[in-house]
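Observations on the model geometry
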Amino acid sequence: MRRVWLLLSAIGVAALPAVAQDESKATELLRRMLRAEMTQKLSGTRVTINNLEGKTERVVEIVLRSGPNSRVEFPKGSPRHGEVVVESGPHRWHYVPSENTLYVGEARRRARYVERMPRVLEGIRIGALSIRVVGPARVADRKCTELALARKDGTPVWRLFVDDATGVLLKQQILDPSNANRVVGGFEYTQVDFDADP
């Protein structure tokens, strides 16, 4: 029995460096994603998902991005058809034709990636969150790496799919803490072009 315990202990100790290495690799990929989100140019089609009060809303968006600047249009057939959202630096303009109104505010992409994501990295550093590489995936017919984030107690909260070639986040799933199989929000690019000049 003692031999079995020693063997199991040795296996556990041997696994610790592998776990630390995996988290280090995942964290570095997350850092790469943050850099790409604020520098990369792209054009593409994206579908956002919001699960509000049990009702799932899917909205198609046409996205043009150049670093921190972006333009999002909502095509015909979309529940937000005709709306246009432009972000440049710290500023955001959102035109809603049904109200004939232009809303002006703070850029959300900048707030998300410049202000909030460093807090996620800090959470990983202090152990409040864990991150791991799930493995390879494909989004918009491109090779990606899937990352999974969980709370300290192991509850899955977030899945990220990062483009292998560019580091851009091509898909994200925000998970219901009470049901890891239920996606309550996120987005996915169905088509993306990094060669076009937006």
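These notes cover the structure that comes with them. All figures in this text were calculated on a predicted structure; none of them were measured in a lab.

1. Notes on the pattern of salt bridges
This structure, assessed with the given rule, holds 13 salt bridges. Across the salt bridge formed by R46 and E61, the nearest N and O atoms sit 2.7 Å from each other. One end of the pair, R46, is in strand 1 (residues 41-52); the other, E61, is in strand 2 (residues 55-66), with 15 residues separating them in the sequence. Like E61, R46 is buried. Salt-bridge contacts for R182 lead to D176; the nearest nitrogen and oxygen are separated by 2.9 Å.

2. Details of unusual backbone geometry
The backbone of A140 shows a phi angle near 55°, a positive value even though the residue is not glycine. On the secondary structure map, A140 appears in the loop between strand 7 (129-139) and strand 8 (142-151). Given a relative accessible area of 22%, A140 falls into the partly exposed group. Even without a glycine there, the phi angle at D141 is positive, about 60°. Overall, D141 belongs to the exposed group, its relative accessible area being 64%.

3. Overview of the side chain of S78
Along the chain, S78 falls in the loop between strand 3 (69-73) and strand 4 (84-88). Relative accessible area serves as the criterion here: at 11%, S78 is assigned to the buried category. Not counting the four nearest positions on each side in its chain, S78 is found in contact with V59 and V60.

4. Looking at the pairing of strand 9 (residues 156-163)
With respect to burial, strand 9 is a largely interior element, six of its eight residues being buried. Bridge count between strand 8 and strand 9: seven bridges; the pairing is antiparallel. If you follow A150 over to strand 9, its bridge partner there is P156. Here strand 8 hands over to strand 9 after four residues, with G154 in that stretch at a positive phi of 95°. Linkage of strand 9 to strand 10 (residues 169-176), two consecutive antiparallel strands, is achieved through a turn of five residues, within which G167 is found at a positive phi near 85°.

5. Focus on the nonpolar core
A general tendency of soluble globular proteins is for nonpolar side chains to be buried together. Formed by 37 residues in total, the largest nonpolar core has its most connected members in L30, M33, M117, L147, L149, L160 and L170. Where this core is concerned, the elements lending two or more residues are helix 1 (2-37), strand 2, helix 2 (108-126), strand 7, strand 8, strand 9, strand 10 and strand 11 (179-193). Per-element accounting of this core gives the leading share, six residues, to helix 1. Sequence-distant contacts of M117, that is, excluding residues within four places in its chain, are made with L30, M33, L34, R112 and W158.

Each value, and the rule that gives it
- Residues numbered from 1 in each chain as written.
- Predicted model: local features only at pLDDT ≥ 70, side-chain atom pairs only at ≥ 80, totals over all residues.
- Heavy atoms only, no water.
- Salt bridge = Lys/Arg side-chain N within 4 Å of Asp/Glu carboxyl O.
- Helix = DSSP H or I, 4+ residues; strand = E, 2+ residues; numbered from the N terminus.
- Buried < 20%, exposed > 50% of the residue type's maximum accessible area, 1.4 Å probe, protein only.
- Contact = heavy atoms within 4.5 Å.
- Pairing = 2+ DSSP bridges.
- Core = buried A, V, L, I, M, F, W, Y, C linked by side-chain atoms within 4.5 Å.

So, to be careful, I would describe these as geometric facts and stop short of saying anything about function.
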